[in-house]
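# Close look at the chain arrangement
Residues per chain, in single letters:
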Amino acid sequence: MKRRTFITGALAGTILALGSLSASAQEYPTKPVTLVVPFAAGGSTDLVARTIAQSMSEKLGQQVLVDNKGGAGGNLGASFVKQAAPDGYTILMGTIATHALVASLYAKPPFDPEKDFAPIALLVTVPNVLTVNKDYPAKDVKELIARLKEKPGEEIYSSSGNGTPLHLSGELFKSMAGVDMVHVPYQGSGPALVDAVSGAVPINFDNLPSSTEFIRSGALRALAVTTKTRAANFPDVPTMEEAGVPGYETNTWNAFFAPAGTPPAIIAKLNEAANAAIADPKVKARLAEVGATTVGGTPEELAAHVTKEIARWRPVIEASGARIE
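Before going into details, it helps to say that this report is about the structure given with it. Because the structure is a prediction, the values reported are computed rather than measured.

### Concerning empty space enclosed by the protein
Any empty space left between atoms is shown by rolling a water-sized probe over those atoms. For the structure on display, the rule yields 1 cavity of 30 Å³ or more. Roughly 120 Å³ of volume is contained in the largest cavity. Together, 19 residues line the largest cavity, and Phe39, Thr45, Ser160, Ser189 and Asn207 are the ones closest to its centre. Only α2 (44-60), α4 (96-105), α6 (165-177) and β9 (251-259) provide two or more residues apiece to the lining of the largest cavity. Its residues assigned to classes, the lining of the largest cavity comprises 7 nonpolar, 11 polar and 1 charged.

Written as C-alpha cells, this is what we have:
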C-alpha cells in the first residue's frame with residue numbers, strides 16, 4: 001500500500017512538473033533574453049547579433065540583450081551558454097568557429113557542438129576578406145605573395161583569435177600560396193581591426209561586415225574576398241581565386257543555439273522570432289549593406305548544416321596543420 005502511494009505521489013509530481021514546464025513554455029518569455037556573443041564588441045558577429053537582436057526584441061515582446069564574452073576563439077562564450085539553464089533566457093550567437101571548427105581543431109574540445117546545444121536557426125552567411133593597411137606596399141594579392149616570399153616568416157597577420165575561421169583562412173592562404181607569415185591572434189575582430197588600421201599588424205583576415213566601413217573609408221585596402229563569387233557590396237574586389245590563388249574558398253556563418261535540453265516549445269518561439277527578424281526589410285537591408293546574406297530555416301535544418309560543416313572543415317584543418325592543444 002505504501003509502495004503504491006509512493007508511486008502515485010511520484011507520478012503526480014512528475015505530471016505537475018511537466019504541466020508547470022508546459023505552462024512556462026507557453027508564457028515564455030516573461031523577462032529579457034541574454035544573447036551571448038562569444039567575441040569582443042565591434043566584430044562581424046557582434047554587428048550581426050545587434051542588428052538582429054533589436055528586431056527580435058519586438059517580435060518576442062522582451063528585450064534581447066547582447067552580452068559579449070570573448071576569448072579562446074569563441075569557446076569561452078559558447079561554454080558559458082552550454083552551462084546555462086535550459087530555459088530560453090540565455091542563448092548563443094554561434095559561428096563556424098564554435099560549431100564546425102572546434103570538433104577538429106582542438107585536441108580536447110571544450111564541448112560537443114552537436115550534443116551540448118539545441119539548434120534554433122541559421123541566420124546569415126558572410127564572406128571573409130583579406131585586407132592590408134592603406135600604407136602597406138602590396139596593392140594586390142600577387143604583390144603580397146611576392147613580398148611574403150621575399151621575406152619568409154618576417155611579416156605578421158591578425159585574426160579574431162586562435163581557431164577561428166579567420167585564423168584558418170590565413171593558414172589556408174599560407175599553404176595554398178606557398179608563403180610564410182606569423183599569426184597574431186586577438187580576442188575578436190574589433191581589437192584586430194584597431195591594429196590593422198594603425199598598421200601595427202598590417203595584414204588582416206576578417207569577416208566582411210566588420211571591415212566594411214574601414215574599407216569604404218580607405219583605412220584598409222581589400223585585396224580579395226574568400227568566397228567563390230564576389231561580394232555584392234564590393235563588386236570591384238576580386239575573389240581569392242581571381243586574385244591568383246586557384247581553388248581557395250572559405251566563408252563563415254552565424255546561427256542561434258540554446259543549451260541542450262531547452263524545451264521544444266521555447267525553441268519554436270525563438271526560431272519564429274529569429275526568422276521574422278531576418279525577414280524584416282530594414283534588417284535585411286542593413287545586413288546586405290555589410291555583405292551578410294540572410295538564410296533562416298528550421299532547427300532541424302540548422303542541425304543538418306552543423307553536421308555538414310564539421311565534415312567539410314575537417315580535411316581543411318588537417319591540411320593546414322593547425323592544432324590547438
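Picking up after the structure, the text goes on.
### Some thoughts on the pairing of strand β5 (residues 156-159)
In this structure, β5 lies alongside strand β6 (residues 182-185), joined through 4 bridges in parallel fashion. Counted as the bridge partner of Ser158 is Val184 from β6. The pairing of β5 with strand β7 (residues 203-207) spans 2 bridges and is classified as parallel. Considered in β7, the bridge of Ser158 is made with Asn204.

### Quick word on the layout of surface pockets
Of the pockets and cavities examined, the largest pocket occupies roughly 210 Å³. Forming the walls of the largest pocket are 15 residues, and the residues nearest its centre are Thr125, Pro127, Ala231, Gly291 and Thr293. Mapped by element, the contributors of at least two residues to the lining of the largest pocket are β4 (117-133) and β9. When residues in the lining of the largest pocket are grouped by element, the largest group, 3 residues, is from β4.

### Some words on the nonpolar core
Counting residues in each nonpolar core, the largest one holds 33 residues, and the members touching the most others are Ile52, Met56 and Phe256. For this core, the secondary structure elements donating two or more residues are β1 (33-37), α2, β3 (90-95), β4, β9, α10 (264-279) and α11 (281-289). No other element matches the 7 residues that α10 contributes to this core. Setting aside chain neighbours within four positions, we find Phe256 in contact with Leu35, Ile52, Met56, Ile91, Leu92, Met93, Pro119, Ile120, Ala121, Leu123, Ala274 and Leu302. With 24 residues, the next largest nonpolar core counts Val36, Val81, Leu101 and Val306 among its residues.

Quick notes on the rules
In this numbering scheme, every chain counts its residues from 1 along its sequence in written order. Residues qualify for local features only when their pLDDT is at least 70, as the model is predicted, and side-chain atom pairs are given and counted only at 80 or more; totals for whole chains, interfaces and linings, by contrast, use all residues. Values shown for side chains rest on all heavy atoms present in the structure; no hydrogens or waters enter the calculation. For cavity detection a 1 Å grid was placed over the protein atoms alone, and a set of points counts as a cavity when a 1.4 Å probe fits there but cannot get out; an open set counts as a pocket when protein lies on both sides within 12 Å along at least five of seven lines, with lining residues being those that have an atom within 4 Å of a point. Grid points are joined across faces, edges and corners, and a volume is the space filled by probe spheres set on the points. Helix numbers and strand numbers start at the N terminus; a helix is a DSSP run of H or I with at least 4 residues, a strand a run of E with at least 2. Lys, Arg, Asp and Glu make up the charged group, whereas Ala, Val, Leu, Ile, Met, Phe, Trp, Tyr, Cys and Pro make up the nonpolar group; the residues left over, Gly among them, are polar. Two strands pair under a simple rule: DSSP has to find at least two bridges between them. Put simply, a nonpolar core is a bunch of buried Ala, Val, Leu, Ile, Met, Phe, Trp, Tyr and Cys residues held in one set by side-chain atoms that sit within 4.5 Å of each other. Buried, partly exposed and exposed residues are distinguished by accessible area as a fraction of the type maximum, computed with a 1.4 Å probe on protein chains only: under 20%, between the cut-offs, and over 50%, respectively. Residue contacts are defined here by distance: any two heavy atoms, one from each residue, within 4.5 Å place the two residues in contact.

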